[in-house]
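Now for the letters of each chain:
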Amino acid sequence: MTALGAVFRPQLPPERLRALARLADDAGLEELWLWEDCFLEGGISTAAAALAWTERLRVGVGLLPVPLRNVALTAMEAATLHRLFPGRACLAVGHGVQDWMGQVGACAESPVTLLREYLAALRALLAGERVTTDGRYVRLDGVALDWPPVTAAPVLAGVTGPRSLRLSGEAADGTVLTAATGPEGVRRARLLIDEGRVSAGRTDPHRVVVYLHAATGPDAAARLRAEIEANGEDPAEEHGVAGDAEAVAEAVRRLADAGADTVVLQPTADEPDPEGFLRFAATEVRPLVD
């Protein structure tokens, strides 16, 4: 069954999170996803709060920019979330927006090399291993977590380019794709991910999470088009949906048929009714998605 989620966009102030997370939990939505966009809200802090305020909701962070975070710190924080809230946290890491990384002096000359080293170290630490590595960017000397996760702690990669998608298949446990990814884009991504998996000899499951631009209500089409154009995306591409629950559910089904395991509805930045959007996703769209 395809999992359905929605985004709490960091354009909303942090104090809105409690009510929206509880609403999502009570309404039966499966997943709530958070962003660590510069310079809005922290991914780990908001995830911890959302998990603490809810009972069953799964909370994802898509994504944590690896140039900003020492891998040992990310492992410590991820392990704590997984132990406090078993099976409910999902963390993705990625290159980060390079302009933002430049603003804080954190650009890597080779983002792919950094992500490769980071994924290997992070997954090993979360598996309870003692890690010593002297890479180009990631250096650890006998580091091990005192409190590694008791349950499985998958690490996803939020990536877009062909090299990074192959790397995700090789070195991550899942992939997060942006809302600019239509069904054909999901199929292409799956092929590249599978190339990486074959090269690494991996046969374990690989979860693909896809964001979907979504809007509903009387001005939905106009808001959606403005959002896509503001992002520099081609509005002719099939990577957004405006309409009623059946229209949104059909778009979700197309992404699922293309290879998405989880579809996360991404409201526009100017969504006038975030609470209504979550109720719409949970009570109207979810029943129509297989």
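Residues numbered from 1 in each chain as written. Predicted model: local features only at pLDDT ≥ 70, side-chain atom pairs only at ≥ 80, totals over all residues. Heavy atoms only, no water.

What the largest pocket holds in volume is close to 750 Å³. What lines the largest pocket is a set of 28 residues, and nearest its centre among them are Asp37, Gly62, Leu63, Val97 and Thr178. The set of elements that each furnish at least two residues to the lining of the largest pocket consists of strand S3 (58-65), strand S8 (174-177) and strand S9 (207-215). Considering every element that reaches the lining of the largest pocket, the biggest residue donor is S3, with 3 residues. Taken together, the residues of the lining of the largest pocket break down into 11 nonpolar, 12 polar and 5 charged. Computed from the structure, the second largest pocket encloses a volume of approximately 300 Å³. Around the second largest pocket, the lining comprises 17 residues; the ones closest to its centre are Ala180, Thr181, Gly182, Gly185 and Arg188. (1 Å grid on protein atoms, 1.4 Å probe; cavity = no way out; pocket = protein on both sides within 12 Å on 5 of 7 lines; lining within 4 Å. Points joined across faces, edges and corners; volume = space filled by probe spheres on them. Helix = DSSP H or I, 4+ residues; strand = E, 2+ residues; numbered from the N terminus. Nonpolar A, V, L, I, M, F, W, Y, C, P; charged D, E, K, R; others polar.)

Below, the discussion takes up empty space enclosed by the protein. Within this structure, the stated rule accounts for 2 cavities of 30 Å³ or more. Roughly 60 Å³ of internal volume is contained in the largest cavity. Around the largest cavity, the lining residues are Thr181, Gly182, Pro183, Leu212, Glu238, His239, Gly240, Val241, Ala251, Arg254 and Leu255. At the level of secondary structure, the elements contributing two or more residues to the lining of the largest cavity comprise strand S10 (240-242) and helix H9 (245-258).

For helix H7 (residues 183-200), which comprises 18 residues, the first-to-last C-alpha distance of 26 Å matches the rise-based estimate of 26 Å (1.5 Å per residue) to within 8%. Taken as a whole, H7 has its buried residues at Pro183, Gly185, Val186, Ala189, Arg190, Leu192, Ile193, Gly196 and Arg197. In this fold, the buried residues of H7 make contact with helix H6 (162-171), S8, S9 and H9. Glycine 201 occupies a position one or two residues after H7 and carries a positive phi of about 70 degrees. (Expected span 1.5 Å × (residues − 1). Buried < 20%, exposed > 50% of the residue type's maximum accessible area, 1.4 Å probe, protein only. Contact = heavy atoms within 4.5 Å.)

Grouped together as the largest cluster of nonpolar side chains are 81 residues, with contacts concentrated most on Val93, Leu119, Leu126 and Leu265. Ranked by the residues each element gives to this core, the list is headed by helix H5 (residues 111-126), at 10 residues. Residues within four places of leucine 119 in sequence aside, it is in contact with Val93, Val155, Ala157, Leu167, Ala171 and Ala172. Listed in part, the 11 residues of the second largest apolar core include Trp33, Trp35, Leu156 and Val209. (Core = buried A, V, L, I, M, F, W, Y, C linked by side-chain atoms within 4.5 Å.)

Moving on, we come to the packing of H6 against H7. Two elements in contact, H6 and H7, have axes whose closest approach is 6 Å; the angle formed by their N-to-C orientations is 50 degrees. Classed by the angle they form, the pair H6 and H7 counts as oblique. The crossing of H6 and H7 is right-handed. Facing H6, whose interface residues are Pro162, Leu165, Arg166, Gly169 and Glu170, H7 presents Ala189, Leu192, Ile193, Glu195, Gly196, Arg197, Ser199 and Ala200. Taken together, the residues of the contact of H6 with H7 break down into 6 nonpolar, 3 polar and 4 charged. (Axes fitted to C-alpha atoms, helices over the stretch in contact; angles between N-to-C directions. Parallel < 35°, antiparallel > 145°, perpendicular 65-115°, else oblique. Left-handed = near helix turned anticlockwise from the far one by under 90°.)

If you trace the backbone, glutamate 30 turns up in the loop between helix H1 (17-27) and strand S2 (31-34). A relative accessible area of 16% means that glutamate 30 is categorised as buried. When near neighbours in sequence (up to four residues on either side) are disregarded, glutamate 30 contacts Thr2, Ala3, Leu4, Arg56, Leu57, Arg58 and Arg286.

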